[in-house]
Amino acid sequence: MKPAHFAFSLCLTLSLFLFILSFSIALPIYIRPVYYIYSELSELPERTGYEKAEIREAYDSVLDYLTIPGKDFSVNGMKYSYSGKSHFEDCKRLFSLNTSALIFSFFLTLLILFGSRQKPELSGYRRKSFLYAGALSLIFPAVIGGIALIDFNSAFTLFHKFLFPGKINWIFNPQTDEIINILPEEFFMLCGAIIGLSVLVLSILLIVLGKKKS
């Protein structure tokens, strides 16, 4: 394999992998009806004592802060601690990083694909890149899903220790950080399932495309 062909295949593989991962993570973040439907089906108002509108407005306030640049922190009147606010500040940086990765990988992938469309000698490398990216992406839901199925609580703890090293501000007190009352563990399990399913579907799609000869 020529160095230029290797570089092309590597860049396309990594770009596709990054796009699949960042796109899947973005789904439960930006598609807010996921939470709205969850709160209805899980009878969250009855379980927590908060009004339906109060729950939705608090969630929207937090998501606005996490996803809109320059937005001030708010939990729509619910009590919060300095520690809890600092955790959301950490989350905002991670959300911004994921959004940047999504935009970057999307345009990089388009640039690579459109830039190589008139080069027949690269068609085989494109298909291999689809296969490699699909296979690489499948490792993510397999490993994370396997750990979560064995012990979700331990996986959840390890996940936070990895993303927020040396910090414990992700451990909320429901009395001082009321927002955690409307964000139960099962909702994060749902988000994880959505991310895993998205990665799985997109990975299989890439593998199918990689195996097509035309």
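One can find the structure itself at the top, above this paragraph.
Keep in mind that this is a model prediction, so the values were computed, not measured. (Residues numbered from 1 in each chain as written. Predicted model: local features only at pLDDT ≥ 70, side-chain atom pairs only at ≥ 80, totals over all residues. Heavy atoms only, no water.)

This paragraph deals with the packing of aromatic side chains. Tallying each qualifying case throughout the model produces 13 aromatic pairs. Ring geometry for Tyr35 against Tyr38: centres 6.2 Å apart, planes inclined by 45 degrees, an arrangement best described as tilted. Placement of the pair is Tyr35 and Tyr38 together in helix 2 (residues 33–41), with a separation of three residues, close to one helical turn. By the burial criterion, Tyr35 is buried, and Tyr38 matches it. Aromatic side chains Phe106 and Phe107 sit 5.1 Å apart centroid to centroid with 80 degrees between the ring planes, which places their arrangement in the edge-to-face category. Among the residues examined, Phe106 registers a relative accessible area of 36% and is labelled partly exposed. Taken together, the ring pairs in this structure connect Tyr35, Tyr38, Tyr59, Phe187 and Phe188 into an aromatic cluster. It is Lys92 that lies over the ring of Tyr65; its NZ or CZ is 4.7 Å from the centre. (Phe/Tyr/Trp six-rings, centres within 6.5 Å; stacked < 30°, edge-to-face > 60°. Helix = DSSP H or I, 4+ residues; strand = E, 2+ residues; numbered from the N terminus. Buried < 20%, exposed > 50% of the residue type's maximum accessible area, 1.4 Å probe, protein only. Lys NZ or Arg CZ within 6 Å of the ring centre and 35° of its normal.)

Closest axis-to-axis distance for the helix 1 (residues 3–30)/helix 5 (residues 82–115) pair is 8 Å, and the angle between their directions is 140 degrees. Between helix 1 and helix 5, the angle is such that the two are oblique. Helix-helix and strand crossings are classified by hand; for helix 1 and helix 5 the assignment is left-handed. Looking at side-chain class alone, the contact of helix 1 with helix 5 contains 19 nonpolar, six polar and no charged residues. (Axes fitted to C-alpha atoms, helices over the stretch in contact; angles between N-to-C directions. Parallel < 35°, antiparallel > 145°, perpendicular 65-115°, else oblique. Left-handed = near helix turned anticlockwise from the far one by under 90°. Nonpolar A, V, L, I, M, F, W, Y, C, P; charged D, E, K, R; others polar.)

The next thing to look at is the pattern of salt bridges. The tally for this structure, following the rule as stated, stands at six salt bridges. Across the pair Asp90 and Lys167 runs a salt bridge whose closest N-O atoms are separated by 3.0 Å. Of the two residues, Asp90 sits in helix 5 while Lys167 sits in the loop between helix 7 (152–163) and helix 8 (185–211), which places them 77 residues apart along the sequence. By relative accessible area, Asp90 is classed as buried at 7%. A single network of salt bridges, built from pairs that share partners, joins Arg32, Asp60 and Asp64. (Salt bridge = Lys/Arg side-chain N within 4 Å of Asp/Glu carboxyl O.)

None of this, on its own, says anything about what the molecule does.
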